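Next come the chains, spelled out residue by residue.
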Amino acid sequence: MKKIALIAALAVVSACSQGDAEPEAAATEEAATETAEPVALDGKPSVGTYTVTGADGSSITQEVRADGTFTNTAGEDTESGTWEQKSPDVFCTTRDEEGAEQQCSNESMTEDGVWQSVDSDGEVSVVERVEAE
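So, how was this worked out
- All residue numbers refer to positions counted from 1 along the written sequence of the respective chain.
- In keeping with the model being predicted, local features are shown solely for residues with a pLDDT of at least 70 and side-chain atom pairs are shown and tallied solely at 80 or more, while totals for entire chains, interfaces and linings include all residues.
- By convention in this description, side-chain values take in all heavy atoms of the structure and omit both hydrogens and water.
- Here a strand is any run of E in DSSP of at least two residues, a helix any run of H or I of at least four, and the numbering for each starts at the N terminus.
- Under the scheme applied here, a residue whose accessible area is under 20% of the maximum for its type counts as buried, over 50% as exposed, and between as partly exposed, the area being computed with a 1.4 Å probe on protein chains only.
- We call two residues in contact when some of their heavy atoms are within 4.5 Å.
- Every accessible area reported is derived by Shrake-Rupley at a probe size of 1.4 Å, with residue values counting cover from the shown protein chains alone.
- At least two bridges found by DSSP between two strands is the condition for calling them paired.
- Inter-axis angles, ranging from 0 to 180 degrees, are taken between N-to-C directions of lines fitted to C-alpha atoms, where helices are fitted over the stretch in contact.
- We call a set of buried residues a nonpolar core when its members are Ala, Val, Leu, Ile, Met, Phe, Trp, Tyr or Cys and they connect through side-chain atoms within 4.5 Å of each other.
- Ring pairs shown here join Phe, Tyr and Trp side chains whose ring centres sit within 6.5 Å, with only the six-membered ring taken for Trp; geometry is labelled stacked below 30 degrees between planes, edge-to-face above 60, and tilted in between.

(A) Region of interest: the overall build of the chain. Scanning the chain from terminus to terminus reveals one helix and eight strands. When the helices and strands of the chain are read in sequence order from the N terminus, they spell out α-β-β-β-β-β-β-β-β. Classification of the 133 residues of the chain by burial places 20% in the buried group. Partitioning the intrachain contacts of the chain with sequence separation of at least 6 by distance along the chain shows that 28% fall at a separation of at least 24. When the accessible surface of the chain is totalled, it reaches about 9,400 Å², and 52% of it is carbon and sulfur.

Set out below in structure tokens:
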């Protein structure tokens, strides 16, 4: 009879231990999801440097930093602000000027593999990631 009681007690302890492990695993998985880097359309982290060329042929260099800020450079002109990657195909920026509103662009890959970005005004730009040397 003592053996049966001991086996039953071990089964209860084992079941309780397994029950406690599940919430911990779920919490760990949730924390990993929350801290994951945003991913750009090319499947790589959003953080990086890009060349963005407008339909008129003008281009800027866009530096997207891990601290949530960006800088656009076109010749001597610079513009800065904050960015948010809402999904791999939606990239948003807010310029550092009073009253600036968030501007989002819808991004897609053409059949030829060209990364296109369409802003809220309908202007199409081509995006190219500048790979570190």
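(B) How the structure looks around the sheet that holds strand β5 (residues 90-95). The eight strands lie next to each other as β1-β2-β3-β4-β5-β6-β7-β8, forming a closed barrel whose pairing is antiparallel. The average undirected angle you get between the axes of adjacent strands in this sheet is 35°. Across four bridges, β5 lies against strand β6 (residues 103-109) in antiparallel orientation. Among the inter-strand pairings, Phe91 is bridged to a residue of β6, identified as Ser105.

(C) Structural context of the nonpolar core. Among the nonpolar cores identified, the biggest contains nine residues, and these are Ala40, Tyr50, Val52, Val64, Phe70, Trp83, Phe91, Trp115 and Val127. With residues near it in sequence (within four places) discarded, Phe91 still touches Gln62, Val64, Trp83, Glu84, Gln85, Gln103, Cys104, Ser105 and Glu107.

(D) View of the packing of aromatic side chains. Following the criterion strictly, the structure yields two aromatic pairs and no others. Between Tyr50 and Trp115, the ring centres sit 5.7 Å apart and the planes meet at 85°, which makes this aromatic pair edge-to-face. Here Tyr50, found in strand β1 (residues 48-54), pairs with Trp115, found in strand β7 (residues 115-118); they are 65 residues apart in sequence, far enough to count as distant. As far as the burial class goes, Tyr50 and Trp115 line up, both buried. With a centroid separation of 6.0 Å and an interplanar angle of 20°, the aromatic rings of Trp83 and Phe91 are classed as stacked.

(E) Inspection of the pairing of β1 at higher detail. Only one face of β1 is buried: it carries Gly48, Tyr50, Val52 and Gly54, and the other face, with Thr49, Thr51 and Thr53, is open. With six bridges connecting them, β1 and strand β2 (residues 59-64) associate as antiparallel partners. In the sheet register, Thr51 faces β2, and the bridge partner there is Thr61. With antiparallel pairing between neighbouring strands as the criterion, β1 and β2 make up a hairpin whose turn holds four residues, including Gly57 at a positive phi of roughly 95°. Summarising the sheet, β1 and strand β8 (residues 124-130) pair through six bridges and their orientation is antiparallel. Each bridged residue has a counterpart across the sheet, and for Gly54 the counterpart in β8 is Ser125.

(F) Layout of the pairing of β6. Of the pairings in the sheet, the one linking β6 to β7 comprises four bridges and is antiparallel in character. Each bridged residue has a counterpart across the sheet, and for Asn106 the counterpart in β7 is Val118. Here β6 hands over to β7 after five residues, with Gly113 in that stretch at a positive phi of 85°.

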